[in-house]
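Below, each chain spelled out in residue letters.
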Amino acid sequence: MFQKVLIAEDADFMSSGIKAALESLQIPVIEHAKYCDEAFLKLKKAWNEKEPFDLLISDLSFIENPNSQRLNTGEDLIKVAKELQESLKTIIFSVEDKPYRVQQLCKELLVDAYVWKSIHGERELKKSAQLIYNDAFFISPKLSQALKQKETFEITDYDVFLLKYLAEGLDQKEISKELKIKEIKPNSISSVEKRLKLLKENFNANNPTQLVAITKDFGLI
């Protein structure tokens, strides 16, 4: 099992069930950081002293620090932590449950587990630590089901552009014009129309307004 774990979490760590869940795995060293900068300093110090952490568990959002911070989110922290220590195992422990956002974070950050902060969160966190120690990937079952519903249709950056413009109230002709200005292709009116039609079909939306509402719920815009 892991020997040295760092938790980046702004909640009251000592009174939370996170510490108890990890201690039940008989992890000898469990440290905590309330802010991302503090967490990275701990990681860097341990790395330089050749006593690195085995696992980083991080929330995504943190309360605002009155002092200026270089790293403001768990996403920022995990990126630099991986640059420092490529072999570091990482778990996101967050309330963020929008399928597209979860999928994006798992893909871009290459985390080993994504645990949803829910009524089962601490139990799933314990399970995830056990699994990723043996090089398996873990995602909370509820999030896994939501992702599977959309896994056959890949959302691209181009789609996100279209949806954002649609949410701003632009029609297909205006969206085409904006894409041309930004030199994003394909940018013809017919291309925009076809892709928006495909998006509506995929998300079971009857009209542009409903498409915007649904994709907002999925965290696309």
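Nothing here was measured: the structure is a model prediction, and the numbers come from that model.

A. View of the pairing of strand β5 (residues 113-116). Of the two faces of β5, both are covered, the one formed by A113 and V115 as well as the one formed by Y114 and W116. The sheet contact formed by strand β4 (residues 89-94) and β5 spans four bridges and is parallel. Within the sheet, the bridge partner assigned to S94 lies in β5 and is W116. With respect to chirality, the unit in which β4 leads through helix α4 (residues 99-109) into the neighbouring parallel β5 is right-handed.

B. Region of interest: the packing of aromatic side chains. Inspection of the entire model under this criterion finds two aromatic pairs. On the numbers, 5.2 Å between centres and 80° between planes, the contact of F2 with Y133 is edge-to-face. Taken together, the residues F2 in the segment before β1 (4-8) and Y133 in helix α5 (residues 121-133) connect sequence positions 131 residues apart. By relative accessible area, F2 is classed as buried at 4%. Aromatic pair F161 and Y165: ring centres 6.4 Å apart, planes at 25°, arrangement stacked. In this pair, F161 and Y165 are both assigned in helix α7 (residues 157-167), four residues apart and thus about one turn of the helix distant. Residue F161 is classed as partly exposed on the basis of its relative accessible area of 33%. Y165 gets classed as buried once you look at its relative accessible area, which sits at 7%.

C. Spatial organisation of the sheet that holds β4. What the six strands build is an open sheet, ordered β2-β1-β3-β4-β5-β6; its pairing is parallel. Here the strands that pair on one side only, and so sit at the sheet edges, are β2 (29-33) and β6 (138-139). Across the sheet, helix α2 (residues 36-48) lies against β1, β2 and β3 (55-58), angled at about 140° from β2, the strand it touches most.

D. Spatial organisation of the pairing of β1. Of all five residues in β1, five are buried; the element is thus mostly enclosed. Alternating positions in β1 separate into two faces, K4, L6 and A8 on one and V5 and I7 on the other, with burial throughout. The pairing of β1 with β3 spans four bridges and is classified as parallel. By the bridge assignment for β3, V5 is matched with L55.

E. Quick peek at the nonpolar core. Judged by nonpolar contacts, the single largest core of 28 residues is most densely connected at L6, L43, L56, L77, I92 and Y114. When residues of this core are traced back to their parent elements, those giving at least two are β1, α2, α3 (74-84), α4 and β5. At five residues, α2 tops the list of elements feeding residues into this core. Contact partners of L43, with chain neighbours within four places excluded, come to L6, F53, L56, L77, A81, L84 and L88. Counting 22 residues, the second largest nonpolar core, distinct from the first, contains Y100, I155, L166 and L170.

Parameters at a glance
- Sequence positions are assigned chain by chain, starting from 1 and proceeding in written order.
- Restriction of local features to residues with pLDDT of at least 70 applies here, the model being predicted, together with a cutoff of 80 or more for giving and counting side-chain atom pairs; totals for whole chains, interfaces and linings are based on all residues.
- Think of the side-chain values as coming from all heavy atoms in the structure, minus any hydrogens and water.
- Note on exposure labels: buried denotes an accessible area under 20% of the residue type's maximum, exposed denotes more than 50%, and partly exposed covers the range between, all computed with a 1.4 Å probe on protein chains only.
- Labels follow the DSSP assignment, with helices taken as runs of H or I lasting at least four residues and strands as runs of E lasting at least two, numbered in each case from the N terminus.
- Note on pairing: DSSP must find at least two bridges between two strands before they are called paired.
- A right-handed crossover is one whose linking path, passing over the helix from the first strand to the second, runs clockwise when the strands point away from the viewer.
- Note on aromatic pairs: the rings of Phe, Tyr and Trp (six-membered ring only in Trp) are paired at centre separations within 6.5 Å, and the planes decide the class, stacked below 30 degrees, edge-to-face beyond 60, tilted for the rest.
- Contacts: residue pairs with any heavy atoms within 4.5 Å of one another.
- Helix axes are fitted to C-alpha atoms over the stretch in contact, other axes to C-alpha atoms as well, and angles between N-to-C directions run from 0 to 180 degrees.
- The set of buried Ala, Val, Leu, Ile, Met, Phe, Trp, Tyr and Cys residues whose side-chain atoms join them within 4.5 Å is what this entry labels a nonpolar core.

These figures come from the coordinates and say nothing about function on their own.
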